[in-house]
Amino acid sequence: MIRMNHKGTIMDAEEYDTHGLGDVDEVVKHVRQVKKEGMGVISMKLIGEGAFNHEDRQKAMRFAFRTAGVDCVTVGYKNTDEIDEAIDNLNLALG
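Keep in mind that this is a model prediction, so the values were computed, not measured.

## Quick word on a nonpolar patch on the surface
So, point 1. Judged by side-chain polarity, Y77, I83 and I87 come together as a nonpolar surface patch covering roughly 260 Å² of accessible area.
So, point 2. With respect to the secondary-structure elements, I87 resides in helix 3 (residues 80-94).

What follows is the structure, given as structure tokens:
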């Protein structure tokens with residue numbers, strides 16, 4: 001399980017106490033390495049703890065599956081509309 005999104009928001013960073021952005025390229029590199037070693041990868045913090053707008057939520061889902069190559073993601077919801085949107089975003093990312 002790894003914290004990842006296309007913007008580096010709420011990701012683990014070299015200097016975690018700074019609350020700065022995570023190094024997206026470094027995280028993707030690690031995802032690809034462990035995948036080569038036969039491990040599955042679950043992405044979390046995909047939408048920056050809810051900080052992203054609709055367009056960035058779509059980009060985040062697409063990035064996780066198409067660019068980073070994760071196997072699955074976790075997404076939290078506050079209501080059923082957010083569930084429906086996440087399903088649509090997932091279908092766009094995998095389509």
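Moving on from the model shown.
## Let's talk about helix 3
A turn of α-helix holds 3.6 residues, and therefore any two residues three or four places apart point the same way.
So, point 1. When the terminal C-alpha atoms of helix 3 are compared, their 21 Å separation across 15 residues agrees well with the 21 Å that a helix rising 1.5 Å per residue should span.
So, point 2. What helix 3 keeps buried is the set E85, A86, N89 and A93. For helix 3, the arc enclosing every buried residue in end-on projection is 100°, short of the 170-degree limit, so these residues lie on one face. Away from its buried face by more than 90 degrees, helix 3 exposes T80, N91 and L94.
So, point 3. Packing partners of the buried residues in helix 3 comprise helix 2 (54-68).
So, point 4. Taking the backbone nitrogen of D81 as reference, a side-chain oxygen 3.0 Å away marks N79 as the first, capping residue of helix 3.

## A look at the sheet that holds strand 1 (residues 2-3)
So, point 1. Ordered in space as 1-2-3, the three strands form an open sheet in which the pairing is parallel. Unpaired on one side and paired on the other, strand 1 and strand 3 (72-73) mark the two borders of the sheet.
So, point 2. Pairing between strand 1 and strand 2 (residues 42-44): two bridges, direction parallel. Counterpart to I2 in the pairing with strand 2 is S43.

## Re the nonpolar core
So, point 1. One finds M4, V28, V31, F63, F65, A68 and V70 to be the most contacted residues of the largest nonpolar core, which totals 18 residues.
So, point 2. Breaking this core down by element, the ones donating at least two residues are helix 1 (24-36) and helix 2.
So, point 3. Counting residues per element, this core draws most heavily on helix 2, at six residues.
So, point 4. Non-local contacts of V28, meaning those with residues more than four positions away in its chain, are made with M4, F63, T67 and A68.

## Some thoughts on the packing of helix 2 against helix 3
So, point 1. At their nearest, the axes of helix 2 and helix 3 sit 8 Å apart, and the two run at 45° to each other. Taken together, the axes of helix 2 and helix 3 are oblique relative to one another. Here the hand of the crossing between helix 2 and helix 3 comes out right-handed. Contacts between helix 2 and helix 3 pair H54, R57, Q58, M61, R62, F65 and R66 from the former with E85, A86, N89, L90, L92, A93 and L94 from the latter.
So, point 2. Grouping the constituent residues of the contact of helix 2 with helix 3 by class yields seven nonpolar, three polar and four charged.

Cut-offs used in this document
Residues numbered from 1 in each chain as written. Predicted model: local features only at pLDDT ≥ 70, side-chain atom pairs only at ≥ 80, totals over all residues. Heavy atoms only, no water. Patch = residues over 30% accessible without salt bridge, like charges linked within 9 Å, V, L, I, M, F, W, Y side chains within 5 Å. Areas by Shrake-Rupley, 256 points an atom, 1.4 Å probe, with all protein chains shown as cover. Salt bridge = Lys/Arg side-chain N within 4 Å of Asp/Glu carboxyl O. Helix = DSSP H or I, 4+ residues; strand = E, 2+ residues; numbered from the N terminus. Expected span 1.5 Å × (residues − 1). Buried < 20%, exposed > 50% of the residue type's maximum accessible area, 1.4 Å probe, protein only. Arc of directions from axis to C-beta. Contact = heavy atoms within 4.5 Å. Polar contact = N/O pair within 3.5 Å; in protein donor to acceptor, adjacent residues only side chain to side chain. Pairing = 2+ DSSP bridges. Core = buried A, V, L, I, M, F, W, Y, C linked by side-chain atoms within 4.5 Å. Axes fitted to C-alpha atoms, helices over the stretch in contact; angles between N-to-C directions. Parallel < 35°, antiparallel > 145°, perpendicular 65-115°, else oblique. Left-handed = near helix turned anticlockwise from the far one by under 90°. Nonpolar A, V, L, I, M, F, W, Y, C, P; charged D, E, K, R; others polar.

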